[in-house]
Amino acid sequence: MTTDTKKAHLTYVNGRGLSESIRIIMAATGIEFQETFLQNKEQFETLRKAGDLLFMQVPLLEIDGMKLVQTNAIIRYIARKYDMYGKTLEEKTSMRCLAEVSRSTSGYLVGDNISMVDLTLLECLLNCDDYIPGALDDFPKLKAFQNKVSSLPGIKAFLDGPQRKGKITEEYIQHCKTLGMG
Ligand SMILES: N[C@@H](CCC(=O)N[C@@H](CS)C(=O)NCC(=O)O)C(=O)O
């Protein structure tokens, strides 16, 4: 197994969907990644038949010599490897249940450092902003959180760069349907 986490390959559709949180955590941890976008059902079937998709679904992330599926498992793997899964046992536990979220005073959800839950919340907030402009106006703490995390160097570069996917369009939805995605 190679340990070159710094290069990864993501297979998904050319849209945010489930993969955007994976892209964001890769941006935050400095993992460079290339992407294959599924173009048609035949390509999806070929991938399935190759045995790479444990549950016949994408996203698929090839990293460290592994072919990982299941969005949350992928995010957890990267978070554990890059120390974004909580420093102490308590933080690790909070990461799972988020019971301690509101107690953090650092500006991050758990503990004093950025962690994977900050990144998955960021993606939710960015979507809120994109799809319902002004939705966060009455939530200054969420807004401040969004600004803080999205300004971090790796994340800002990703959000401003070519790998950031646009909002879902009707065309994208139709494309997913032709791939047989629900
Ligand atoms: N629990 C999975 C769900 C993956 C999933 O539903 N992927 C969709 C695309 S967004 C898919 O591959 N659908 C095809 C199918 O289920 O046959 C995850 O979190 O990765």
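The preceding data block contains the structure.
Bear in mind that the values here come from a model prediction, so they are computed numbers and not experimental data.

About the thresholds
- Sequence order as written defines residue numbering, which begins from 1 separately in each chain.
- Per-residue local features of the predicted model are confined to residues with pLDDT of at least 70, and side-chain atom pairs are confined, for both listing and counting, to 80 or more; whole-chain, interface and lining totals are unaffected and use all residues.
- Structurally, a nonpolar core is described as a collection of buried Ala, Val, Leu, Ile, Met, Phe, Trp, Tyr and Cys residues joined by way of C-beta atoms within 7 Å.
- In this scheme every C-beta is placed from the backbone, and a residue whose C-beta has 20 or more other C-beta atoms within 10 Å is buried, one with 12 or fewer is exposed, and one in between is partly exposed.
- Think of it this way: any DSSP run of H or I at least four residues long counts as a helix, any run of E at least two long counts as a strand, and we number them from the N terminus.
- By definition, residue pairs are in contact when their C-beta atoms, positioned from the backbone, come within 7 Å.
- When DSSP finds at least two bridges between two strands, those strands are taken to pair.
- Between N-to-C directions, angles span 0 to 180 degrees; the directions come from axes that are lines fitted to C-alpha atoms, helices contributing only their stretch in contact.

> Looking at this structure, I do not really get the nonpolar core. What am I missing?
A general feature of soluble globular proteins is that nonpolar side chains tend to end up buried together. Counting residues in each nonpolar core, the largest one holds 33 residues, and the members touching the most others are Ile25, Leu61, Ile78 and Met116. Going through the elements one at a time, β1 (7-12), α1 (20-29), β3 (60-63), α3 (71-81) and α5 (116-131) are the ones with two or more residues in this core. Looking at which element gives the most residues to this core, the answer is α1, with 6 residues. Setting aside chain neighbours within four positions, we find Leu61 in contact with Ala8, Leu10, Ile22, Leu68 and Ile74.

> Any chance you could explain the pairing of strand β2 (residues 32-37) here in plain terms?
Successive residues of a regular strand alternate their side chains across the two faces of the sheet. Note: β1 against β2, 6 bridges, orientation parallel. If you follow Ala8 over to β2, its bridge partner there is Phe33.

> How do you make sense of the sheet that holds strand β4 (residues 66-69) when you look at a structure like this?
Backbone-to-backbone hydrogen bonds pair the strands of a sheet. The strands run either parallel or antiparallel. The 4 strands are arranged β2-β1-β3-β4 in an open sheet whose pairing can be described as mixed. This sheet does not close on itself; its edge strands, each paired only once, are β2 and β4. Strand-to-strand twist across the sheet, computed as the mean angle between neighbouring axes with direction ignored, equals 20°. Examined bridge by bridge, β1 and β3 share 3 bridges and lie antiparallel to one another. Opposite Thr11, over in β3, you have Leu60 as the bridge partner.

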